[in-house]
Amino acid sequence: MQKSLTSGSALKNIVCFSLPYLLSYFLQTLYGMADLFIIGQYEGVASTTSVSIGSQVMHVLTVIMVGLTMGSTVSIGQAVGAKQHKKAAACIGNTVTLFAALSLVLTAVLLLCARPITRLMATPEAAVEGTVRYLTICFLGIPFITAYNIISAVFRGMGDSKRPMYFVAVACAANIALDYLFMGALRMGPAGAALGTTLAQTISVIAALLALRRHPADVRVSRRDFHPQRSVLARILRIGLPVAAQDGFIQVSFILITILANQRGLTDAAAVGIVEKIMSFLFLIPSSMLSAVSAIGAQNIGAGKPERARQTLGYAILIAAGVGLVLAIWIQFTAQSIVALFTQDAAVAAAGGDYLRGYIWDSFFAGVQFSFSGYFCACGKSGLSFLHNFLSIVLARVPGAYLACKRFPNTLYPMGLASAAGSLLSIIICVIAYAALMRREKKSLQGG
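Residues numbered from 1 in each chain as written. Predicted model: local features only at pLDDT ≥ 70, side-chain atom pairs only at ≥ 80, totals over all residues. Heavy atoms only, no water.

Trainee: Tell me about the overall build of the protein chain, and please be specific about residues and values.
Mentor: A count of helices and strands for the protein chain gives 16 helices and zero strands. Taking 448 residues into account, the globule formula puts the C-alpha radius of gyration at 22 Å, and the protein chain, at 21 Å, falls close to it. Overall size of the protein chain, expressed as C-alpha extent along the three principal axes, is 65 × 45 × 35 Å. Taking all 448 residues of the protein chain together, the buried fraction comes to 57%. When contacts within the protein chain are restricted to residue pairs at least 6 apart in sequence, those whose partners lie at least 24 apart make up 83%. Distance from the positive charge centre (34 side chains) to the negative charge centre (16 side chains) of the protein chain: 14 Å. (Helix = DSSP H or I, 4+ residues; strand = E, 2+ residues; numbered from the N terminus. Rg over C-alpha atoms; globule rule 2.2 N^0.38 Å. Buried < 20%, exposed > 50% of the residue type's maximum accessible area, 1.4 Å probe, protein only. Contact = heavy atoms within 4.5 Å. Lys, Arg positive; Asp, Glu negative; His and termini not counted. Charge placed at Lys NZ, Arg CZ, Asp CG, Glu CD.)

Trainee: Break down the nonpolar core for me, with residues and values.
Mentor: Counting 69 residues, the largest nonpolar core has F139 and I278 as its most contacted members. Setting aside residues up to four positions removed in sequence, F139 forms contacts with V57, M58, L61, T107, L110, L111, A114 and I117. Formed by 26 residues, the second largest nonpolar core is a distinct cluster that contains A292, V293, A321 and V368. (Core = buried A, V, L, I, M, F, W, Y, C linked by side-chain atoms within 4.5 Å.)

Trainee: Can you break down the environment of Q78 residue by residue, with the values?
Mentor: Structurally, Q78 can be placed in helix α2 (residues 45-81). Sequence separation of Q78 and K406 is 328 residues, and the distance between their C-alpha atoms is 48 Å.

Trainee: Residue-level account of the packing of helix α11 (residues 284-302) against helix α12 (residues 306-339), with values.
Mentor: In contact at an axis separation of 9 Å, α11 and α12 are set at 175° when each is read in the N-to-C sense. The angle between α11 and α12 falls in the class roughly antiparallel. Here I285, M289, V293, I296, G297, N300 and I301 of α11 come into contact with α12, specifically with P306, R308, A309, T312, L313, A316, I319, A320 and V323. Residue composition of the contact of α11 with α12, by class: twelve nonpolar, three polar and one charged. (Axes fitted to C-alpha atoms, helices over the stretch in contact; angles between N-to-C directions. Parallel < 35°, antiparallel > 145°, perpendicular 65-115°, else oblique. Nonpolar A, V, L, I, M, F, W, Y, C, P; charged D, E, K, R; others polar.)

Trainee: If you had to explain the packing of aromatic side chains to someone new, which residues and values would you point to?
Mentor: Scanning all chains against the criterion turns up eight aromatic pairs. Between F283 and F370, the ring centres sit 5.9 Å apart and the planes meet at 75°, which makes this aromatic pair edge-to-face. Residue F283 is located in the loop between α10 (266-282) and α11, and its partner F370 is located in helix α14 (residues 361-378); the two are separated by 87 residues in the primary sequence. By the burial criterion, F283 is buried, and F370 matches it. Following the ring pairs from residue to residue traces out a cluster consisting of F372, Y375, F376 and Y434. (Phe/Tyr/Trp six-rings, centres within 6.5 Å; stacked < 30°, edge-to-face > 60°.)

Trainee: Can you lay out the packing of α2 against helix α3 (residues 85-112) for me, pointing to particular residues and giving the numbers?
Mentor: Direction vectors running N to C along α2 and α3 enclose 170°, while the axes themselves pass 9 Å from each other. Relative to α3, the element α2 is oriented roughly antiparallel. Counting all contacts with α2, which are made through L61, M65, L68, T69, S72, S75, I76, A79 and V80, the residues of α3 involved are K87, A88, C91, I92, T95, F99, L102, L106 and L110. Its residues placed into classes, the contact of α2 with α3 shows 13 nonpolar, four polar and one charged.

Trainee: I'd love a proper account of the pattern of salt bridges, names of residues and values included.
Mentor: When charged atoms on two side chains of opposite charge get close, those side chains can pair. Counted according to the given criterion, the structure contains six salt bridges. Where R264 meets D268, a salt bridge forms, and the shortest distance between an N and an O atom there is 2.7 Å. (Salt bridge = Lys/Arg side-chain N within 4 Å of Asp/Glu carboxyl O.)

Trainee: Talk me through helix α7 (residues 162-185); I want residue IDs and the actual numbers.
Mentor: Look at α7: 34 Å from first C-alpha to last across 24 residues, which is about the 34 Å you get at 1.5 Å a residue. Phi turns positive one or two residues past the end of α7, at R187, with a value near 50°. (Expected span 1.5 Å × (residues − 1).)

Trainee: Tell me what's going on with the side chain of S72, and back it up with residues and numbers.
Mentor: Assignment of secondary structure puts S72 in helix α2. Residue S72 is classed as buried on the basis of its relative accessible area, which comes to 0%. Among the polar contacts listed, one links the side chain of S72 to the side chain of T95, at a separation of 2.7 Å. If we skip the residues at most four places from it in the chain, S72 touches T95, F99 and I236. (Polar contact = N/O pair within 3.5 Å; in protein donor to acceptor, adjacent residues only side chain to side chain.)

Trainee: Quick rundown of the environment of V168? Include the residues and the values.
Mentor: One can find V168 in helix α7. Sequence-wise, V168 and D354 are 186 residues apart; in three dimensions their C-alpha atoms are separated by 32 Å.

Trainee: Give a detailed account of unusual backbone geometry, specifying residues and quantitative values.
Mentor: Note: most residues except glycine have negative phi, and most peptide bonds are trans. Positive phi, normally seen in glycine, also occurs at R187, with a value near 50°. Along the chain, R187 falls in the loop between α7 and α8 (190-214). A relative accessible area of 49% places R187 in the partly exposed class.

Trainee: I'd like a description of a nonpolar patch on the surface, backed by residues and values.
Mentor: Where nonpolar side chains cluster on the molecular surface, the patch consists of F249, F390, V394 and L395 and spans about 340 Å² of accessible area. The element contributing the most residues to the nonpolar patch is helix α15 (residues 382-407), with three residues. Position of V394 among the secondary structure elements: in helix α15. (Patch = residues over 30% accessible without salt bridge, like charges linked within 9 Å, V, L, I, M, F, W, Y side chains within 5 Å. Areas by Shrake-Rupley, 256 points an atom, 1.4 Å probe, with all protein chains shown as cover.)

Trainee: Run through the side chain of S50, naming residues and quoting values.
Mentor: Summarising the element assignment, S50 is placed in helix α2. Exposure remark for S50: the relative accessible area of 2% places this residue in the buried category. When neighbours within four sequence positions are excluded, S50 is seen to be in contact with A127, G130, T131 and P190.

Trainee: Explain α15 to me, using residue names and the numbers behind them.
Mentor: Between the first and last C-alpha of α15 there are 36 Å, a value that for 26 residues agrees with the 38 Å anticipated at 1.5 Å per step. Residues of α15 that are buried include every one of S382, S385, H388, N389, S392, I393, A396, R397, A401, A404 and C405, and no others.

And the structure:
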């Protein structure tokens, strides 16, 4: 399972590591989009809105969880790069202990908050009950969502991005089949979408555990590694908490935009929900670059090769930004037809097309700022990643969306541009922070 990312071509490493990660994200996004696509074939706009809002809430929780596990990926990666296998084993054991406790607490709290969360989202009245049912079932599956992300974080920290791809492929196939059973044959509506997703995650975790038994890890984890160790937990949280907070703030900004859209009526609410799903698919490259730079950079920094970590960052920016630019141009001509794949309502497709044409420029800017975020995490400076995202949300993304919503009540296009403006501000802050880190490193070497 363990693979060294500290030698050979830096470009080859990032491509070989990120491709399985990209496919994992693709499959994970595919089965998320499948819920919307399938329910759109059997139910009306209210049920589509329930699934889009409920899945957005679950996406927020999942993204925060993934952000928190970044602390584990980086800690394990640095230990593996430094060939400190006992330290890596302690990181793995403490990760399991920490997230097992966290998942149980989250499940209990969120089950009590399903209806308040639905109301907080300004859910249109026709979609309230469907959203509550969707969230209640999904909240019951939080331990399995957590388990999958723990296993994936461990594998990626050790340089293996292929096995997480296999696990999510199992979940994807199971989810699509169960969606057609529950929403198509049994006509269970939003509850069927949630049940299919939860059972698919459960099947994926079982497959992952079976794979671990057949292919044990190179780093041996003993029972005492599961005992909480203050220094290990502190490092995991010191890196993971800023990333989780950063990702949480980003998702909260999307929720605020969704609330603004929900207040404009059912058509705009459905349009924004569909486009958010489409954008989660189009953000695959930036997201995979972030994780690849984090894991590869962490191993190289642990091995005392910071120049390779910087080289990895450069390649990631070129790949992500290049693909993002091509997508942004292509979407200008195809936006409405893409949205129409997920709805039979012409008004929803038209509104969604406008929103997507503005929003898509964020895929270009995000490719750059996501790559910088991955580098900062690899360096153990995840606070910088949190800072630039927080400032972009507070100063650009949310205020821009609010002003666009109020001043342009007949189109969603300016609201889409607000997200791109936020990422542009992030890039400016990232470049300044990176330059400061390089100056500090140069001074340190000269002083040494």
